[in-house]
Amino acid sequence: MYKEINSTEIAKLAGVSRSTVSRVINNYSNVPEQTKQKVMKVIEQYNYFPNLSAQVLAGKRTRTIGLFMIDSGRVSGDSISSLLLARIIESASSQGYYVLTHIVRDMKEPEEIRTIKESFYQRRIDGGVFIGAANHEPLIEELITEGFMVAIVDQHLPGRTEPNRIVFNFDNETGVGLAVDYLVSLGHTRIGMINGDMNRFSGPSKWRGFQAAMERHNLPLNQQWILPGDFNEGSGYKAIKDFLKATTELPTAIFAANDSVAFGAIRALKEAGIRVPQHVSVIGFDDHFRSEHHNPPLTTIKIDFADMMDQLTKTLIASIERGADAFQTSAAGTKLIVRESCQSVTTA
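The structure displayed is predicted, hence computed values, not measured ones.

A.B. asks: Even after reading the chapter, I still don't get the overall build of the chain, so can you show me in this structure?
C.D. replies: Looking only at helices and strands, the chain has 12 helices and 12 strands in total. Seen along its three principal axes, the alpha-carbon backbone of the chain occupies a region of about 80 × 40 × 35 Å. Split by element, the accessible area of the chain, about 16,500 Å² in all, is 49% carbon and sulfur.

Set out below in structure tokens:
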């Protein structure tokens, strides 16, 4: 459990003066490298970050939550990411809270790790939300172990039930089941899948849902039609491009791990002269803002992201203000949205 430590204690542990600790923290050039390394070792060992907020020193809350979006691409170019960010900010604002937002390009980058840790350890935020992280992210686990209030979107770690861990997921397996059921109702038996990021909980859970649905309908899994992806449009495009180079035997329908993947897949199919849905049906997952206006309009599985982010934000703030007594988890429901990217094999 995290316990705050001050610069005087750091100085004693490092065997230096408090002023030396201050000079190291402020990166003054007149500190011998050996002394600097000795002080930094203690600072890192005790997760010490200088705290200059009088309000925090007085034990008061900042009424600010951190929002950390892990995304190596351009968040502004993805409407789902933009929706999640905007909804959390709106929800927090309606409850009198500010949101400190940070886009994280690489959770393994030391400077990124330090920036995130500073937000918590300096008490600039009362709790944090992580979106897009790997299912097991060491930094998140460290923050939870230290007692910070953390909400995570898309995580499943059996046995990890700390009261300060708040988890919100999507009901992926049910949603994928709805997608496969719909394709089967149209007469499809030759069904492929483009997967998502398998390091995140949604990746393997959607794959499990696909396997279970295919087994329920007594349909074989053709490994040639199970393609790698990464929850973005570029990965869907690449998956189909690589697939068409390797084989010409197409499935009659493809389930894409999300709508962005579906957009990329459809673009690659069109470039190869393969028409959707006349030659291949494609179904997505999310109900992206663009899906209704895509050509063809995309059949998909809808997630109510707005309601999910409202509930997550309210749960986090309630836990900050009243304390969390028990582990809390929730899963957003799913709904089939039928548009024009799928058709019956009998009319194909």
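A.B. asks: Explanation requested: the environment of Pro-220 in the structure shown.
C.D. replies: Along the chain, Pro-220 turns up in the loop between helix H9 (202-216) and strand E7 (226-227). Under the relative-accessibility criterion, Pro-220 is labelled exposed at 61%. Separated by 29 residues in sequence, Pro-220 and Ile-191 place their C-alpha atoms 8.8 Å apart.

A.B. asks: Could you clarify how one ought to interpret empty space enclosed by the protein in this entry?
C.D. replies: Sizing a probe to match a water molecule and rolling it over the atoms shows the empty space that remains. Taken as a whole, this structure holds one cavity of 30 Å³ or more when the rule is applied. What lines the largest cavity is Gly-192, Met-193, Ile-194, Trp-225, Leu-227, Ile-240, Phe-243, Pro-251 and Ile-254. Counting residues per element, the ones that place at least two in the lining of the largest cavity are strand E6 (191-194) and helix H10 (233-246). The leading source of residues in the lining of the largest cavity is E6, at three residues.

A.B. asks: Before we go on, may I ask you to explain the side chain of Asp-197 in this structure?
C.D. replies: The residue Asp-197 is located in the loop between E6 and H9 in this model. For the buried residue Asp-197, which engages in no salt bridge, the nearest side chain bearing the opposite charge is Arg-200, 5.0 Å off. Among the polar contacts made by the side chain of Asp-197, one reaches the main-chain amide nitrogen of Asn-199 at a distance of 2.9 Å.

A.B. asks: In this structure, what is going on with the pattern of salt bridges? I would like to understand it.
C.D. replies: Pairing of side chains with opposite charge becomes possible as their charged atoms draw close. This model, assessed by the stated rule, comprises 18 salt bridges. For Lys-302, the salt bridge identified is with Asp-287, shortest N-O distance 3.4 Å. Pair noted here: Lys-302 is in strand E10 (residues 300-303) and Asp-287 is in the loop between strand E9 (281-283) and E10, with a separation of 15 residues, a long-range link. Residues joined in a network through salt bridges with shared partners are Glu-141, Arg-160, Glu-162 and Arg-165.

A.B. asks: What is the right way to read the sheet that holds strand E2 (residues 98-104) from this model?
C.D. replies: In a beta sheet, neighbouring strands pair by backbone hydrogen bonds and run either parallel or antiparallel. With parallel pairing, six strands are arranged side by side in an open sheet as E2-E1-E3-E4-E5-E11. The open sheet has two edge strands, E2 and strand E11 (328-332), and neither has a second partner. Between one strand and the next, the sheet's axes are offset by a mean angle of 15 degrees, whatever the strand orientation. Seen against the sheet, helix H7 (residues 138-145) touches strand E3 (127-131), strand E4 (150-153) and strand E5 (165-170) and runs at an angle of roughly 150 degrees to E4.

A.B. asks: I would appreciate a short explanation of the sheet that holds strand E8 (residues 253-256) in the present structure.
C.D. replies: Read across the sheet, four strands follow the order E7-E6-E8-E9 without closing on themselves; strand pairing throughout is parallel. Since the sheet does not close on itself, it has two edges, and those belong to E7 and E9, each with one partner. The pairing of E6 with E7 spans two bridges and is classified as parallel. Residue pairing for E7: Ile-194 is matched across the bridge by Leu-227. Relative to E6, H9 is tilted by about 175 degrees, and along the sheet it contacts E6, E7 and E8.

A.B. asks: Help me out: how do you make sense of unusual backbone geometry in this one?
C.D. replies: Omega for the bond connecting Val-276 with Pro-277 falls within 30 degrees of zero, at 10 degrees, which places this linkage in the cis form. Within the secondary structure, Pro-277 sits in the loop between helix H11 (259-271) and E9. Pro-296 follows Asn-295 through a cis peptide bond whose omega is 0 degrees. One can find Pro-296 in the loop between E9 and E10. One non-glycine residue, Arg-63, lies in the positive phi region at around 55 degrees. Among the residues examined, Arg-63 registers a relative accessible area of 32% and is labelled partly exposed. Positive phi, normally seen in glycine, also occurs at Asn-218, with a value near 55 degrees. The residue Asn-218 is located in the loop between H9 and E7 in this model.

A.B. asks: For this particular structure, what's the right way to read the pairing of strand E1 (residues 64-70)?
C.D. replies: Looking down a regular strand, the side chains alternate between one sheet face and the other. With seven of its seven residues buried, E1 lies for the most part within the structure. The two faces of E1 match: Thr-64, Gly-66, Phe-68 and Ile-70 on one face and Ile-65, Leu-67 and Met-69 on the other face are all buried. In the sheet, E1 pairs with E2 via seven bridges, with the strands oriented parallel. Within the sheet, the bridge partner assigned to Leu-67 lies in E2 and is Thr-101. Where E1 lies against E3, five bridges are found, and the strand directions are parallel. Residue pairing for E3: Phe-68 is matched across the bridge by Phe-130.

The rules behind the values
- Residues numbered from 1 in each chain as written.
- Predicted model: local features only at pLDDT ≥ 70, side-chain atom pairs only at ≥ 80, totals over all residues.
- Heavy atoms only, no water.
- Helix = DSSP H or I, 4+ residues; strand = E, 2+ residues; numbered from the N terminus.
- Areas by Shrake-Rupley, 256 points an atom, 1.4 Å probe, with all protein chains shown as cover.
- Buried < 20%, exposed > 50% of the residue type's maximum accessible area, 1.4 Å probe, protein only.
- 1 Å grid on protein atoms, 1.4 Å probe; cavity = no way out; pocket = protein on both sides within 12 Å on 5 of 7 lines; lining within 4 Å.
- Points joined across faces, edges and corners; volume = space filled by probe spheres on them.
- Lys, Arg positive; Asp, Glu negative; His and termini not counted.
- Salt bridge = Lys/Arg side-chain N within 4 Å of Asp/Glu carboxyl O.
- Polar contact = N/O pair within 3.5 Å; in protein donor to acceptor, adjacent residues only side chain to side chain.
- Pairing = 2+ DSSP bridges.
- Axes fitted to C-alpha atoms, helices over the stretch in contact; angles between N-to-C directions.
- Contact = heavy atoms within 4.5 Å.

Everything listed here is a matter of geometry and, on its own, says nothing about what the molecule does.
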